[in-house]
Amino acid sequence: MSAKDPCISVCQFDGKSGWCRGCARTLEEVRKWRKLQPHGRKSIERELPRRLQRLAARDGG
């Protein structure tokens, strides 16, 4: 895992959204992460806080 990788080693995927409950990436995003160009990573990274908030709201947290 690289220093820039948002993974927090939770790796539980939400069945409805497909997002990881730990880092909020999709399985495809996790798999492609190391090969993405920096602008691709930044694009995903900008979305992660919003995704995590949506997961938390739906889970009652």
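Coordinates for the structure precede this section.
None of these values were measured; they are calculated from a predicted model.

Taking 1.5 Å as the rise per residue, helix α2 (residues 38–58) with 21 residues should run 30 Å; its terminal C-alpha atoms sit 30 Å apart, in good agreement. Within α2, the axis deviates most sharply at leucine 48, by approximately 35°, and proline proline 49 lies no more than four positions further along. All buried positions along α2 are accounted for by Gly40, Ile44, Leu48, Arg51 and Leu55. Taken together, the buried residues of α2 touch α1 (27–32). Directly after α2, the chain includes glycine 60, whose backbone phi takes a positive value near 85°.

Further remarks concern a nonpolar patch on the surface. Taken together, the side chains of Phe13, Leu27 and Val30 present a nonpolar region at the surface, about 220 Å² in accessible area. When you line up the elements, phenylalanine 13 lands in the segment before α1. On the basis of relative accessibility, which here comes to 36%, the residue phenylalanine 13 falls in the partly exposed class.

Conventions and cut-offs
- Residues numbered from 1 in each chain as written.
- Predicted model: local features only at pLDDT ≥ 70, side-chain atom pairs only at ≥ 80, totals over all residues.
- Heavy atoms only, no water.
- Helix = DSSP H or I, 4+ residues; strand = E, 2+ residues; numbered from the N terminus.
- Expected span 1.5 Å × (residues − 1).
- Bend = angle between axes of the 7 residues up to and from the residue.
- Buried < 20%, exposed > 50% of the residue type's maximum accessible area, 1.4 Å probe, protein only.
- Contact = heavy atoms within 4.5 Å.
- Patch = residues over 30% accessible without salt bridge, like charges linked within 9 Å, V, L, I, M, F, W, Y side chains within 5 Å.
- Areas by Shrake-Rupley, 256 points an atom, 1.4 Å probe, with all protein chains shown as cover.
- Salt bridge = Lys/Arg side-chain N within 4 Å of Asp/Glu carboxyl O.

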